[in-house]
Amino acid sequence: MDFTVPDEAKETAQAVVSFVERYVEPIEREYADLLQDERKRFDERGFLQPEVLKLKKQVRMASAEAGFYTMFGDESLGGGGLGEVALVHIQEELNHAWGPSRPLVHENVVPSVFTNGLSPILRELDPEVRARLVPGIASGEKTLCFGLSEPGAGSDVQRIRTRAVRDGDHWVLNGSKQWITNAPYADYCILFAVTDPEANRERRGGITAFFVDTSSDGFECSSNIPILGHIGSHHGIISIEDLRVPAENVIGTVHKGLSLALLGISKGRLSMSAMCVGLARWSLDKAVDYARQRETFDSVIGDHQAVQIKLAEMAMDIYAAKSVVGRTAALVESKQRAIKETSITKAFCTEMLGRVADSAMQVHGAMGLSNELRLQEVWRHARTLRIPDGTSEIQRRTIAGRLLSGDTDL
């Protein structure tokens, strides 16, 4: 298998990094006091301040104008149509270059390929609705959230309890959603609800996807969920009460919404995995630089075998993860079945980042615990990534299920 990164992907990655240097970094410097302190970035409720939201929108729209924001979107939606091999290279390079906790870079220059930006689900919208609404999403002016998870339904999505009942030319929705990324700030929501209770009880689907304007009466995101010591969040709790959605806003086929929820899931997991590789490389760079400079017992700590072993193990982990991501991306792009491979990649890379981040902090000693170096940001972020888009345990369940069904090629 050829692991050579295509020239187009290399050139695009360089262009993205150049865009961040030229356009985003000056904004970060100008508003450093606001962006670098969570106590100023978020209000007393844990929501982003209006000025931060304005800056994020400014970067999104500039990235869209430059062609980066939509480069992984389907061409039928006006996207660039770049494939999975380019995706993982660009995502890795972006995170390697800029590290964690850059609110104007991450999810703004390049959005989530599944739950924001030009989600492949948008292809299934009514053509007239799509023509009216998708351009605003493609320009970065409007953003999406993906309303599937509920308090009692995470990995087992068939357990969702939000209901939709047909009423003339509308559907009326009632229920709640939880852990919805970007819900506090999204203009639109791809919202899933049970439309055939009997089929749903028998685990035969019965779930429909709806395209919802979040400013509609009956849709409210009044609270968010701060995570792992942060004082604010991008993850919201949605309340849905007698929300009327036009029938033309059904996405795809009524009762067949679960199949839509799986559209692009491989791309999303690959993107997350490549991000992990990039952040791990960023962490290793920090550790190597520190090991070359920090002195103890009359020599730099890089001369000590205990530190050398940690650096070597970090590099081994990263090299293995990068190889896994590259191979799986090639399989997915060539339209080969890669269910277990995608699960292997997601589980391995998210867990790898946790190990590398922990070792990088240990190499730095007390400095690794400080907020100044941002290593603790990687460490905290790594811990969260083992849960969304399928927990590590769900990935293992999928892998084992595929093996037991006869899919044993590796």
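Residues numbered from 1 in each chain as written. Predicted model: local features only at pLDDT ≥ 70, side-chain atom pairs only at ≥ 80, totals over all residues. Heavy atoms only, no water.

Helix and strand counts for the chain come out as 14 helices and 10 strands. Here the C-alpha radius of gyration of the chain, 22 Å, is about what a compact globule of 410 residues would show, namely 22 Å. When the backbone C-alpha atoms are referred to their principal axes, the chain occupies close to 80 × 55 × 40 Å. For the chain, with 410 residues in total, the buried portion stands at 50%. Once local pairs closer than 6 in sequence are excluded, the contacts in the chain between residues at least 24 apart make up 74%. Accessible area of the chain: about 19,300 Å², with a carbon and sulfur share of 50%. (Helix = DSSP H or I, 4+ residues; strand = E, 2+ residues; numbered from the N terminus. Rg over C-alpha atoms; globule rule 2.2 N^0.38 Å. Buried < 20%, exposed > 50% of the residue type's maximum accessible area, 1.4 Å probe, protein only. Contact = heavy atoms within 4.5 Å. Areas by Shrake-Rupley, 256 points an atom, 1.4 Å probe, with all protein chains shown as cover.)

Here we come to the nonpolar core. By size, the foremost hydrophobic cluster in this structure holds 37 residues, and its most contacted members are Val277, Leu311, Met314, Ile318, Met352 and Leu353. By residue number, the principal contributor to this core is helix α9 (residues 265–293), which donates 13 residues. Apart from residues lying up to four places away in sequence, Met314 is in contact with Ser283, Leu284, Ala287, Val356, Ser359 and Ala360. Core analysis: the next-biggest nonpolar cluster, separate from the first, contains 32 residues, Val17, Leu48, Leu82 and Val105 among them. (Core = buried A, V, L, I, M, F, W, Y, C linked by side-chain atoms within 4.5 Å.)

This part takes up the pattern of salt bridges. This model, assessed by the stated rule, comprises 22 salt bridges. Taking the shortest distance from any N to any O, the salt bridge between Arg45 and Asp43 comes out at 3.6 Å. Owing to a relative accessible area of 17%, Asp43 belongs among the buried residues under this scheme. With a shortest N-O distance of 3.1 Å, Glu92 and Lys322 are connected by a salt bridge. Residue Glu92 is found in helix α5 (residues 84–98), and its partner Lys322 is found in helix α10 (residues 305–333); the two are separated by 230 residues along the sequence. For Glu92, a relative accessible area of 6% puts it in the buried group. (Salt bridge = Lys/Arg side-chain N within 4 Å of Asp/Glu carboxyl O.)

This next bit is on helix α1 (residues 7–30). Its 24 residues place the ends of α1 34 Å apart at the C-alpha level, agreeing with the 34 Å of an ideal helix rising 1.5 Å per residue. Along its length, α1 shows its largest kink, about 40 degrees, at Val24, and proline Pro26 lies within four residues downstream of that point. Taken as a whole, α1 has its buried residues at Ala9, Thr12, Ala13, Val16, Val17, Phe19, Val20, Val24, Ile27 and Glu28. Contacts from the buried residues of α1 go to α2 (32–35), α4 (50–66) and α5. (Expected span 1.5 Å × (residues − 1). Bend = angle between axes of the 7 residues up to and from the residue.)

Below, the discussion takes up α10. With 29 residues, α10 extends 42 Å between its outermost C-alpha atoms, agreeing within 8% with the 42 Å of an ideal straight helix rising 1.5 Å per residue. Packing partners of the buried residues in α10 comprise α5, α9 and α11 (339–363). Residue Lys335 follows α10 closely and has a positive phi angle near 65 degrees.

Okay, the packing of aromatic side chains next. Applying the stated criterion across every chain, the model contains six aromatic pairs. Consider the rings of Phe19 and Phe68, whose centres lie 5.6 Å apart with planes at 65 degrees: the pair is edge-to-face. Of the two residues, Phe19 is situated in helix α1 and Phe68 in the loop between α4 and α5; the sequence distance between them amounts to 49 residues. With a relative accessible area of 2%, Phe19 lands in the buried category. (Phe/Tyr/Trp six-rings, centres within 6.5 Å; stacked < 30°, edge-to-face > 60°.)

Here the UniProt feature "domain: Acyl-CoA oxidase/dehydrogenase middle" (unreviewed entry) sits at residues 145–242. The span residues 145–242 is 5% helix and 49% strand, and its two end C-alpha atoms sit 20 Å from each other. (UniProt positions renumbered as here; feature names shortened; annotations may be inferred.)

Looking now at the packing of α5 against α10. Where α5 contacts α10, the axes come no closer than 7 Å and their chain directions differ by 150 degrees. Overall, the two elements α5 and α10 adopt an arrangement that is roughly antiparallel. Facing Glu84, Val85, Ala86, Val88 and Glu92 of α5, the residues of α10 in contact are Lys322, Val325, Ala329, Ala330, Val332 and Glu333. Residue classes in the contact of α5 with α10 are distributed as seven nonpolar, no polar and four charged. (Axes fitted to C-alpha atoms, helices over the stretch in contact; angles between N-to-C directions. Parallel < 35°, antiparallel > 145°, perpendicular 65-115°, else oblique. Nonpolar A, V, L, I, M, F, W, Y, C, P; charged D, E, K, R; others polar.)

All right, on to the UniProt feature "domain: Acyl-CoA dehydrogenase/oxidase C-terminal" (unreviewed entry) in the chain then. The UniProt entry lists residues 256–403 under the feature "domain: Acyl-CoA dehydrogenase/oxidase C-terminal" (unreviewed entry), expressed in the numbering used here. A distance of 27 Å separates the end C-alpha atoms of residues 256–403, which is 78% helix and 3% strand.

Attention now moves to unusual backbone geometry. With a phi close to 70 degrees, Glu107 is a non-glycine residue in the positive phi region. Following the sequence through the fold, Glu107 ends up in the loop between α5 and α6 (127–138). Under the relative-accessibility criterion, Glu107 is labelled partly exposed at 43%. The residue Asp298 is not glycine, and still its phi comes out positive at about 70 degrees. Its location among the elements puts Asp298 in the loop between β9 (295–296) and β10 (299–300). The exposure class assigned to Asp298 is exposed, which follows from its relative accessible area of 83%.

Residue placement: Asp409 occurs in the segment after α14 (392–404). Under the relative-accessibility criterion, Asp409 is labelled exposed at 60%. Separated by 168 residues in sequence, Asp409 and Glu241 place their C-alpha atoms 48 Å apart. Look past the residues within four positions of Asp409 in its chain and what remains in contact with it is Lys340 and Glu341.

Moving on, we come to the pairing of strand β3 (residues 170–181). Pairing geometry for strand β2 (residues 163–167) and β3, over five bridges, is antiparallel. Opposite Ala164, over in β3, you have Leu173 as the bridge partner. Count of turn residues in the β2/β3 antiparallel hairpin: two residues, of which Gly168 carries a positive phi of about 65 degrees. Taken together, the nine bridges between β3 and strand β7 (residues 235–246) define a ladder with antiparallel strand orientation. When the sheet's bridge partners are listed, Ser176 is paired in β7 with Ser239. (Pairing = 2+ DSSP bridges.)

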